[in-house]
Amino acid sequence: MPEPSRRIPYRTWPGALAILLAIAGYVGGLVFWDRHTPGNRPLPAGEMVEIGHARFVPATGWEMDVSRSKAGKSLMLFKGGHKFLVTTGPWAGGADGPLVRQQRLMERGQRLRIDGDPSDFVTTWGLQGKTFAYYGSKLAGRFWQVVDLQRRSLVQIDFYGATDGLNEAMAEARSMLESMDLEAPP
Amino acid sequence: MNLLHVAELQDKGDWPIGTDSFFQPHRAAFWVLAALIVNGLFYTVNMFSMGFRVVPITALLGILVWAIYTLVFLLVFRALDLLEQHPPEAFALAFAWGGLGAVYFAAPANIAIQSLCAKLVSPDFVAAWGPAIAGPITEEFLKLAGVVLLVLVARNQFQTYLSVLIVGAMTGLGFQVVENLTYTVNASMHFPLENQVYPVLINLLTRGLLSGLWSHAAYTAIASFGVAWFLLHPERPMVARIACALLCFALAWAMHFIWNSPWLEDLFDGGYGEMAILLVIKGVPAMAAAWLFWREAARENGAYLHALAAYFVPERDLIRDDEWLRLGAPLLRYNVRRQIGWTFGLRARRLKTQLQREQLRLIRKAMTYGRGAQTLRHEVAIRRIRAELDPLVAVRL
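S.K.: Break down the overall build of chain A for me, with residues and values.
M.R.: Across its full length, chain A holds three helices and ten strands. Reading the secondary structure of chain A in the N-to-C direction produces α-β-β-β-β-β-β-α-β-β-β-β-α. What you see for chain A is a C-alpha radius of gyration of 24 Å, clearly larger than the 16 Å of a compact globule of 186 residues, by over 25%. Along the first, second and third principal axes, the C-alpha atoms of chain A reach 90 × 40 × 35 Å. Among the 186 residues that make up chain A, the fraction classed as buried is 31%.

S.K.: Tell me about the overall build of chain B, and please be specific about residues and values.
M.R.: For chain B, the count of helices and strands is 14 helices and zero strands. Against the globule reference of 21 Å for 397 residues, chain B gives a C-alpha radius of gyration of 23 Å, in line with a compact fold. Its C-alpha atoms give chain B principal-axis dimensions of about 70 × 65 × 40 Å. When burial is assessed residue by residue, chain B has 44% of its 397 residues classed as buried. Nonlocal contacts in chain B, meaning residues at least 24 apart in sequence, comprise 77% of its contacts between residues at least 6 apart.

S.K.: Tell me about the domain arrangement of chain B, and name the residues and values.
M.R.: All names here are of chain B. Along its sequence, chain B is organised into domain 1 (20–307) and domain 2 (315–396). Broken down by element, the side of domain 1 that touches domain 2 gets its largest block of residues, seven residues, from helix H10 (residues 272–312). Residues of the side of domain 1 that touches domain 2, tallied by class, amount to five nonpolar, three polar and three charged.

S.K.: Outline the interface of chain A and chain B, supporting the account with residue identities and numerical values.
M.R.: Contacts between the two partners involve 45 residues from chain A, matched on the other side by 49 residues from chain B. At the level of secondary structure, the elements contributing two or more residues to the side of chain A that touches chain B comprise helix H1 (13–35), strand E6 (82–90) and helix H2 (97–109) of chain A. For the side of chain A that touches chain B, the element with the highest residue contribution is H1(A), accounting for 13 residues. Of the residues contributing to the side of chain A that touches chain B, the split by class is 24 nonpolar, 13 polar and eight charged.

S.K.: Tell me what's going on with the sheet that holds strand E1 (residues 40–42) of chain A, and back it up with residues and numbers.
M.R.: Residues and elements named next belong to chain A. Strand order in this open sheet of eight strands is E1-E4-E5-E6-E10-E9-E8-E7, and the pairing throughout is antiparallel. Of all strands in the sheet, those bounded by a partner on one side alone are E1 and strand E7 (113–122). Along the sheet, successive strands turn relative to each other by an average axial angle of 25 degrees, direction set aside. Strands E7, strand E8 (128–135), strand E9 (140–148) and strand E10 (153–161) of the sheet are contacted by H2, whose axis makes an angle of about 155 degrees with E7. Each of strand E5 (74–79), E6, E9 and E10 touches helix H3 (residues 166–178); the most contacted strand, E10, lies at about 160 degrees to it.

S.K.: Could you give an account of the environment of Thr19(B), with specific residues and numbers?
M.R.: In this fold, Thr19(B) is placed in the loop between helix H1 (3–9) and helix H2 (28–54). The buried category is assigned to Thr19(B), around which 21 C-beta atoms lie within 10 Å. Spatially, the C-alpha atom of Thr19(B) lies 27 Å from that of Arg316(B), the residues being 297 residues apart in sequence. Each residue touching Thr19(B), except ones within four places of it in the same chain, is listed here: Ser5(A), Ala154(B), Asn156(B), Gln157(B) and Thr368(B).

S.K.: Give me the lowdown on the confidence of the model for chain A, citing residues and values where you can.
M.R.: Mean pLDDT for chain A: 91, with 98% of residues reaching 70 or above. Mean pLDDT in chain A bottoms out at H2(A), which sits at 89, and peaks at H1(A), which reaches 98.

S.K.: Outline helix H6 (residues 161–189) of chain B, supporting the account with residue identities and numerical values.
M.R.: Taking 1.5 Å of rise per residue, 29 residues should cover 42 Å, and H6(B) covers 42 Å from first to last C-alpha, within 8% of that figure. The buried count for H6(B) comes to 25 of 29 residues, which makes it a mostly enclosed element.

S.K.: So what about the confidence of the model for chain B? Which residues, and what values?
M.R.: When pLDDT is low, close inspection of the predicted coordinates is not appropriate. Residue and element names in this part refer to chain B. Taken as a whole, chain B shows an average pLDDT of 91; of its residues, 96% reach a score of 70 or greater. Ranking the elements of chain B by mean pLDDT puts H1 last, at 47, and helix H4 (residues 88–120) first, at 97. Scored below 50 in pLDDT, residues 1–7 makes nine contacts in the model with residues more than four places away or belonging to other chains. Interface predicted TM-score (ipTM) for the complex: 0.90; the corresponding pTM is 0.91.

Criteria and thresholds
Residues numbered from 1 in each chain as written. Chains lettered and ligands numbered in written order. Predicted model: local features only at pLDDT ≥ 70, side-chain atom pairs only at ≥ 80, totals over all residues. Helix = DSSP H or I, 4+ residues; strand = E, 2+ residues; numbered from the N terminus. Rg over C-alpha atoms; globule rule 2.2 N^0.38 Å. Buried ≥ 20, exposed ≤ 12 C-beta atoms within 10 Å, placed from the backbone. Contact = placed C-beta atoms within 7 Å. Domains from an automatic or database assignment. Nonpolar A, V, L, I, M, F, W, Y, C, P; charged D, E, K, R; others polar. Pairing = 2+ DSSP bridges. Axes fitted to C-alpha atoms, helices over the stretch in contact; angles between N-to-C directions. pLDDT = per-residue confidence, 0-100. Expected span 1.5 Å × (residues − 1).

The following block contains the structure:
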């Protein structure tokens, strides 16, 4: 014979606490483990590294951050508090479009300020594109963009870091950019 | 003396009749659930505020599109009378847990797993296998944690497998929708064209239409079946109950893993046509598994309703023989409504729908409180609707 259900009191705190601890242990444990696992990978001195079509020679002392690099898409190098991020991807039209979107992302999304208007640049290898500098309350940086119309590919280079030691790091970033070409095999 | 001990001492029959609501401020599980949802809400709002600043059209259109998408799922659930299983606040809490609470914790955990894979193996490995390794274990665990919390909040609301499965599906749907919205906004911020509408349409096609049926809602429903079995079979050995819960979780994980893995991707090119074939091939097993669980849950729910109806509602003017037979078959009920709609018009269909739902409510109310003044409203409603419906149906015969 079915009986109407009864509102019998019961405790939920042991179960709720167990779930809370399980979530905290799982998420906190993973984050802790990740933070305490080194992600730097030294790069062989003087040897070219490749990312997509782009390749360049890393400056001395710069290491790869493997956790923030995506195979075939982006390569993050770092030295101290400075970062050098090379991103490659398809270009779908509008030579300046990606640059405008990057500026919008920085200004509206990351609350950074763009220093002046974008200007043209050309490297000794003939790589040419547009660049602009930016700054925020705790960091400053420079962004370069190259569009390869023939391959319909886009290469963006973002250098940024703490203002302390920025000039030296910027010089090394420029040397890496100078060594860059888009001749890497697909 | 704790409450359980009091319960043991006191005769079961002394406790008040009824089911607990999902608003339980005196229960710890309720506050844990609420606090984590609110915490997730702040995180999600903060995240989308950036999207609104950078790609406002995408953000607005994305919210609209994914809201409509959610509505379609809700309409399907409603058409199958699945929303009759609980009061609306249960579904709101489940959806909010999936979309806010679970998403908040999933983001750092997934990033940490992928980062660890890159550090301990290689970035190439992460590019191929990172989503398959990180997503399933993290997301299935977090979504299911919300289902368990909801069960803890109002345990006696969950009397059938179906009552747990629908909460699981709603949790998965919440996760799915907020994840899709996040992907849409992120895709727009890095879209190769100066267009804020395309990313919404592309994500709707790929993540919503081609992947939507065998995504989080299906996985969490499968995993929830284990929770339901654990909850509703206290007579079984604890080892068997835990094993069943773990087995269902493992199945949900495996389905999710296969979906996120790069298996078979080499066989297809990057075109939308071939991608659609690939998604169907990878998604159909998950859909089939979810369907089997839903079918078993519906069968058990049917038997439960029949037993209750036979005891509490024996009057054949309230539930006629053919209606009684269809009590546990939501698809049959839906087909009858549709046939009546085709034959006798929209009003007849609407009345038939109301009649079927009132019958379900009458049975549930009778089960909760017994027959009496509290079920009178539904009895009156059934007789009133039948009085309106019968002439409509009879006129055309």
